[in-house]
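Spelled out, the chains give:
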Amino acid sequence: MKAVIQRVKRTALSVDGKLISEIPYGLAVYLGVKAGDGEAQAEQIAKKISAMRIFEDAQGKMNLSVQDVGGEILLISQFTLYGDCSHGNRPSFILAERPERANELYNYVANLLKRSGLNVKQGVFGADMKIEQFNDGPVTIIYET
């Protein structure tokens, strides 16, 4: 699994012009599922996302997690994170998990984050999503299991 984790002030996700999910402060997490990933990778990535210290403390150091600051998470499925463009100019997505299994694991990660006490909003798996994002910092971390 691969996650692009961005610290945000506000993020809103729409499908077909309809607002689906919105968070005022926290993390926008783009999640890609690789072929062969399973529950172990989902558990590892959920644990890392919830504990990652990328918010500033009173001294201005990145020392606090999204839980520590009372932030929320917008979890967005993104199979294109496993796009391979090493051969030619059109990405190949053969490394991405098939949609049915990827959706199961995406929802599993969301549920793990929710069980850790976080407020988690989601996108619509497989939809053409439009995302408005106001990055904070910017702080962007890429994590792969």
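Residues numbered from 1 in each chain as written. Predicted model: local features only at pLDDT ≥ 70, side-chain atom pairs only at ≥ 80, totals over all residues. Heavy atoms only, no water.

S.K.: How should the overall build of the protein chain be read in this particular structure?
M.R.: On a plain count of helices and strands, the protein chain comes out with 2 helices and 8 strands. Start at the N end of the protein chain and walk to the C end: the helices and strands fall as β-β-β-α-β-β-β-α-β-β. The principal-axis extent of the C-alpha atoms belonging to the protein chain is close to 45 × 35 × 30 Å. Classification of the 145 residues of the protein chain by burial places 43% in the buried group. The long-range fraction of contacts in the protein chain, counting pairs at least 24 apart against all pairs at least 6 apart in sequence, stands at 71%. Carbon together with sulfur atoms contributes 49% to the accessible area of the protein chain, which is approximately 7,900 Å² in total. Side chains of the protein chain give 17 positive and 17 negative charges; the mean places of these two sets differ by 2 Å. (Helix = DSSP H or I, 4+ residues; strand = E, 2+ residues; numbered from the N terminus. Buried < 20%, exposed > 50% of the residue type's maximum accessible area, 1.4 Å probe, protein only. Contact = heavy atoms within 4.5 Å. Areas by Shrake-Rupley, 256 points an atom, 1.4 Å probe, with all protein chains shown as cover. Lys, Arg positive; Asp, Glu negative; His and termini not counted. Charge placed at Lys NZ, Arg CZ, Asp CG, Glu CD.)

S.K.: Explain unusual backbone geometry to me, please; I cannot follow it from the model alone.
M.R.: A negative phi angle is the norm for most residues apart from glycine, just as the trans form is the norm for most peptide bonds. Note that the residue after Gly-137, namely Pro-138, is joined by a cis bond; omega there is -5°. Within the fold, Pro-138 resides in strand β8 (residues 129-144). Positive phi is not limited to glycine here, since Asp-16 has a value of about 55°. The residue Asp-16 is located in the loop between β1 (2-15) and β2 (18-23) in this model. According to the relative accessible area criterion, Asp-16 is exposed, its value standing at 76%.

S.K.: Mind showing me how you'd approach the nonpolar core here?
M.R.: Most often, soluble globular proteins keep nonpolar side chains buried together rather than apart. The biggest cluster of nonpolar side chains holds 28 residues, and the ones touching the most others in it are Ile-5, Leu-27, Ile-49, Ile-73, Leu-75 and Val-109. Mapped by element, the contributors of at least two residues to this core are β1, β3 (26-32), α1 (39-51), β6 (72-77), α2 (99-115) and β8. Each residue touching Leu-27, except ones within four places of it in the same chain, is listed here: Ile-5, Gln-6, Arg-7, Val-8, Ile-49, Ile-54, Phe-55, Val-66, Glu-72, Ile-73 and Leu-74. Of all hydrophobic cores here, the second largest spans 11 residues; its members include Val-4, Val-8, Ile-23 and Ala-28. (Core = buried A, V, L, I, M, F, W, Y, C linked by side-chain atoms within 4.5 Å.)

S.K.: Explain α1 to me, please; I cannot follow it from the model alone.
M.R.: Three or four residues apart is the spacing at which side chains of an α-helix point the same way, because the helix has 3.6 residues per turn. Compared with the 18 Å implied by 1.5 Å per residue over 13 residues, the 18 Å span of α1 between its first and last C-alpha is a close match. Taken together, the buried positions of α1 are occupied by Ala-42, Ile-45, Ala-46, Ile-49 and Ser-50. Along the axis of α1, the buried positions cluster into a sector of 125°, meaning they face one direction only. Within α1, the exposed residues directed more than 90 degrees away from the buried face are Ala-40 and Lys-47. (Expected span 1.5 Å × (residues − 1). Arc of directions from axis to C-beta.)

S.K.: Where do I start with the packing of aromatic side chains in this structure?
M.R.: What characterises a pair of aromatic rings is the spacing of the ring centres plus the angle enclosed by the ring planes. In total, this model carries 3 aromatic pairs according to the counting rule given. Ring geometry for Phe-79 against Phe-93: centres 5.0 Å apart, planes inclined by 70°, an arrangement best described as edge-to-face. You can see Phe-79 sitting in the loop between β6 and α2 and its partner Phe-93 sitting in the loop between β6 and α2, a full 14 residues away along the chain. We classify Phe-93 as partly exposed; its relative accessible area is 32%. A cation over a ring is seen here: Lys-2 above Tyr-82, with NZ or CZ 5.0 Å from the ring centre. (Phe/Tyr/Trp six-rings, centres within 6.5 Å; stacked < 30°, edge-to-face > 60°. Lys NZ or Arg CZ within 6 Å of the ring centre and 35° of its normal.)

S.K.: Is there a simple way to think about the pairing of β1 in this case?
M.R.: Look at any regular strand and the pattern is simple: side chains alternate between the two faces of the sheet. Counting buried positions along β1 yields 12 of 14 residues, so the element is predominantly enclosed. For β1 and β3, the ladder comprises 7 bridges, and the chain directions are antiparallel. By the bridge assignment, Ile-5 is partnered in β3 with Val-29. Note: β1 against β8, 12 bridges, orientation antiparallel. Looking at β8, one finds that Gln-6 is bridged to Thr-140. Two successive antiparallel strands, β1 and β2, enclose a turn made up of 2 residues, where Asp-16 displays a positive phi of approximately 55°. (Pairing = 2+ DSSP bridges.)

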